Amino acid sequence: GAVVSQHPSRVICKSGTSVKIECRSLDFQATTMFWYRQFPKKSLMLMATSNEGSKATYEQGVEKDKFLINHASLTLSTLTVTSAHPEDSSFYICSASRRGDGTDTQYFGPGTRLTVL
Amino acid sequence: AQSVTQPDIHITVSEGASLELRCNYSYGATPYLFWYVQSPGQGLQLLLKYFSGDTLVQGIKGFEAEFKRSQSSFNLRKPSVHWSDAAEYFCAVGVRKTSYDKVIFGPGTSLSVIP
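Overview of the structure. (Residues numbered from 1 in each chain as written. Chains lettered and ligands numbered in written order. Predicted model: local features only at pLDDT ≥ 70, side-chain atom pairs only at ≥ 80, totals over all residues. Heavy atoms only, no water.)

In this section: the sheet that holds strand β7 (residues 67-73) of chain A. All names here are of chain A. In spatial order, the strands read β1-β3-β8-β7; together these 4 strands make up an open sheet with antiparallel pairing. Of all the strands in the sheet, just β1 (4-7) and β7 have a single pairing partner and so form its edges. Ignoring which end each strand starts from, the neighbouring axes of this sheet average 15 degrees apart. Both β1 and strand β3 (residues 19-25) contribute to a ladder of 4 bridges, which runs antiparallel. Bridge pairing in β3 places Q6 opposite C23. (Pairing = 2+ DSSP bridges. Helix = DSSP H or I, 4+ residues; strand = E, 2+ residues; numbered from the N terminus. Axes fitted to C-alpha atoms, helices over the stretch in contact; angles between N-to-C directions.)

Quick look at the structure:
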């Protein structure tokens, strides 16, 4: 159990276009989902936290107008990179939180490689 | 502020040798601690977690970790490494928010295994 999927796994787009990435929890309901960005050979940087039915909470330094997050249901969150530029190229990873054992455990998707030309 | 350090950026071990990956955390309250592994092209997989109770935690794939409050450490160990263990390992601390837990990751340790 606790499977999280992401779609697409890889996307290449032109500068100035917008890209939407989906994150789904396949076999559990996730009240909270997280979006991370991972640079090559670096750790995961939390971008934002989204709770179902409410606005996302963005980390300091993350542009909320650039990275739009929607958490429409207990199993789906989307990240839209608006007007993407080459510096937005990165590996984006989502996770879904499931409460148990007294606290939450995050289960991660396989990631989406975004390349902006 | 909460933080996680992993002193070793890269470690190389021979197959069959023992392994210890170091992790230190900074957190004011009782920490929730995790170890995740990321293989090339794969998502992060949870190896083990510590919330409370026994300070020696057993995980998947033969890994274990020991929580030492006095040293603010949560080191990961495996008695005999397999070639398939080559991957990136992340230690993380869970920070309690009002309605969810936020996870802060360490910088990671890259493990190479020599046949």
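Next comes the rest of the description.
Moving on, we get to unusual backbone geometry. Note: most residues except glycine have negative phi, and most peptide bonds are trans. Residues and elements named next belong to chain A. Residue P8 follows H7 across a cis peptide bond; omega there is 0 degrees. Turning to its location among the elements, P8 is positioned in the loop between β1 and β2 (10-13). One non-glycine residue, S83, adopts positive backbone phi at about 45 degrees. The class of S83 is partly exposed, set by a relative accessible area of 34%. (Buried < 20%, exposed > 50% of the residue type's maximum accessible area, 1.4 Å probe, protein only.)

Across the contact, 24 residues belong to chain A and 20 residues belong to chain B. For the pair chain A and chain B, the summed buried area comes to about 1700 Å², and 51% of that belongs to carbon and sulfur atoms. Run the count over chain A and chain B and you get 1 salt bridge. Here K102 of chain B makes a salt bridge to E59 of chain A, at a shortest N to O gap of 2.8 Å. The tally of links from chain A across to chain B stands at 5 residue pairs in polar contact (both at pLDDT 80 or more). Among the secondary structure elements, those contributing two or more residues to the side of chain A that touches chain B are β4 (32-38), β5 (44-51), β9 (90-100) and β10 (103-108) of chain A. Counting residues per element, the side of chain A that touches chain B draws most heavily on β10 of chain A, at 5 residues. Of the residues that constitute the side of chain A that touches chain B, the class distribution is 8 nonpolar, 11 polar and 5 charged. (Contact = heavy atoms within 4.5 Å. Buried area = accessible area lost by both parts, 1.4 Å probe. Salt bridge = Lys/Arg side-chain N within 4 Å of Asp/Glu carboxyl O. Polar contact = N/O pair within 3.5 Å; in protein donor to acceptor, adjacent residues only side chain to side chain. Nonpolar A, V, L, I, M, F, W, Y, C, P; charged D, E, K, R; others polar.)

A few words now on the layout of surface pockets. The volume enclosed by the largest pocket comes to roughly 750 Å³. Forming the boundary of the largest pocket are 25 residues, of which Q38, P40 and K41 of chain A together with Q38 and E88 of chain B lie nearest the centre. Element by element, the count of residues in the lining of the largest pocket is highest for strand β10 (residues 87-96) of chain B, at 3 residues. For the second largest pocket, the calculated volume is near 190 Å³. If you go around the second largest pocket, you meet 14 residues; those closest to its centre are F108 of chain A together with Q42, G43, L44 and Q45 of chain B. Taken together, the residues that form the lining of the second largest pocket break down as 8 nonpolar, 5 polar and 1 charged. (1 Å grid on protein atoms, 1.4 Å probe; cavity = no way out; pocket = protein on both sides within 12 Å on 5 of 7 lines; lining within 4 Å. Points joined across faces, edges and corners; volume = space filled by probe spheres on them.)

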